[in-house]
Amino acid sequence: MLHKVSLGTGNINKYRLILDRETIDEVVALGEELKGLRVCHINSTPFGGGVAELLVSHIPLLRSLGIKADWQVIHGDRRFFTITKGLHNSLQGAKFTATRAESWRDLYLSINKVNAAQLDADYDVFIVNDPQPAAMRHYLPDNKAKWVWRCHVDSSQPDETVWQFLRPYIEEHDAAVFTTSKFIPETLKLKRIATMAPAIDPFTSKNMFIKRYLCREMLETLGIDRHRPLITQVSRFDRWKDPFGTIAAYQIAKEKVPGLQLAMIGSFASDDPEGWEMYAALNEEANKDDDVIISSNLTGVGNMEVNAFQRASDLIVQKSIREGFGLVVAEALWKGTMVVAGNAGGIPLQMPGELGNYLVDNIEQCAEKIVYLLQNPQQRERLGQAGHEVITHHFLTPRLVRDELALIKELMAK
Ligand code: UDP
């Protein structure tokens, strides 16, 4: 059987402290209508990266509404995850380069078949996250559940070879969900295509309130000098997050902001074999400058520490070139910490209006915005607060649960 991630049950009423009554009442009403429904999310890793982060709070909240929600994780070997990382990259527009041109399709499908055979299939709805398990539905043709494919990446301009391969498997689903309508590939044919943005949970250890002095203390033990300015990027070690671009922007900014420190906080995910090479290359770069600190989940940076970095940094940088959504942007803004971010994918959704002036298209712009905000603390504070409002109103978990349940209700009625 596939691994089911152990999780508890949340408490929807807690969110009444933060969100307006209508939203919560709407979520509770949907839960009552769908009470007892068996819903299962499927993905390819229980930790590392945005999808795992999302499901950790999403599933307990579904349960708190009376939904029988679970999360099953597929397994595969390094070859499979190398292929699926290639598929992931190519959905985001990179040219697909398989080492052994013909066999990648067979390998991908055979692993999906094995996982399909091991799936606990006794559910009313399956939500299949991202390309790794996208062919499982194909191998369970008699399964009576509703199947939804949930895409978390910017698939607006996918590589043609990869898209033509995946498309028929995706089209076997009852619906597909994208973060924004911009990401829907033109040729996708499905009766129902929905859009809903991801969300963060204000009550997890990643996002809960921690006093600033505790954050500073945590950071000090990780090598940060609390008396000097600090900028931080938090992301998987992944080329689309442009970590070298961030370092280059920091180097330019440092000329104008003496003593500036840069923390690059990264995590590894079990379905991301490319992370190690990137980690090694980044360490090499960091060794040239004592004020560049690289830390990861392997060296003690867990959710609390990420929380502390996002709260205690003067500024968060997320210089992504492609980005499905970028939960890290929402996490920082939720804490009132201003962000300078790549003008990519789902990030602009989170930085509307004046915040959009801090979306950047290149290294020089990134450096310029960093310097401006570091030199103007009042502006920074004000913009951080504006960001907090955006996240509160649009990107907290109950809104996502509401959107998902509304779609499920619609599919179950058919
Ligand atoms: N993350 C973490 N530790 C790290 C780096 C990232 O906990 O060292 C978390 C981060 O806080 C966020 C998620 O991983 O919740 C990354 O999600 P995002 O949507 O930003 O990017 P993805 O990895 O899905 O491309």
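Asker: Before we go on, may I ask you to explain the site of the ligand in this structure?
Answerer: Around the ligand, the surrounding shell holds 17 residues, and the nearest of these are Gly-50, Arg-236, Lys-241, Gly-266 and Glu-331. With respect to the ligand, the backbone of Val-328 contributes an N or O atom lying 3.3 Å from an oxygen atom. Glu-331 places a side-chain nitrogen or oxygen 2.5 Å from an oxygen atom of the ligand. Sorting the residues of the shell around the ligand by element identifies helix H2 (50-64), strand S8 (230-236), strand S9 (261-267) and helix H10 (327-334) as the ones contributing at least two each. Residues of the shell around the ligand, tallied by class, amount to 5 nonpolar, 6 polar and 6 charged.

Asker: What should I look at first to understand the sheet that holds strand S5 (residues 146-150) in this one?
Answerer: Two pairing modes exist for strands in a sheet, parallel and antiparallel, and in both the strands are linked by backbone hydrogen bonds. The strand order across the open sheet built from 7 strands is S1-S3-S2-S4-S5-S6-S7, with neighbouring strands paired in mixed fashion. At either end of the open sheet lies a strand with only one pairing partner, and these are strand S1 (3-4) and strand S7 (193-195). Pairing between S1 and strand S3 (residues 68-73): 2 bridges, direction antiparallel. By the bridge assignment, His-3 is partnered in S3 with Val-73.

Asker: Quick question: what am I supposed to make of the pairing of strand S6 (residues 175-178) here?
Answerer: A regular strand places its side chains so that they alternate between the two faces of the sheet. Every second residue of S6 is oriented toward a common face, with Ala-175 and Val-177 on one face and Ala-176 and Phe-178 on the other, all of them buried. Here S5 runs beside S6; their pairing, made up of 3 bridges, is parallel. By the bridge assignment for S6, Trp-149 is matched with Ala-176. One crossover worth recording links S5 to the parallel S6 by way of helix H5 (residues 160-170), and it is right-handed. Looking at chain direction, S6 and S7 are connected through 3 bridges and run parallel. Bridge pairing in S7 links Val-177 to Ala-194.

Conventions and cut-offs
- Residues numbered from 1 in each chain as written.
- Predicted model: local features only at pLDDT ≥ 70, side-chain atom pairs only at ≥ 80, totals over all residues.
- Heavy atoms only, no water.
- Near = heavy atom within 4 Å.
- Polar contact = N/O pair within 3.5 Å; in protein donor to acceptor, adjacent residues only side chain to side chain.
- Helix = DSSP H or I, 4+ residues; strand = E, 2+ residues; numbered from the N terminus.
- Nonpolar A, V, L, I, M, F, W, Y, C, P; charged D, E, K, R; others polar.
- Pairing = 2+ DSSP bridges.
- Buried < 20%, exposed > 50% of the residue type's maximum accessible area, 1.4 Å probe, protein only.
- Right-handed = clockwise from strand over helix to strand, strands pointing away.

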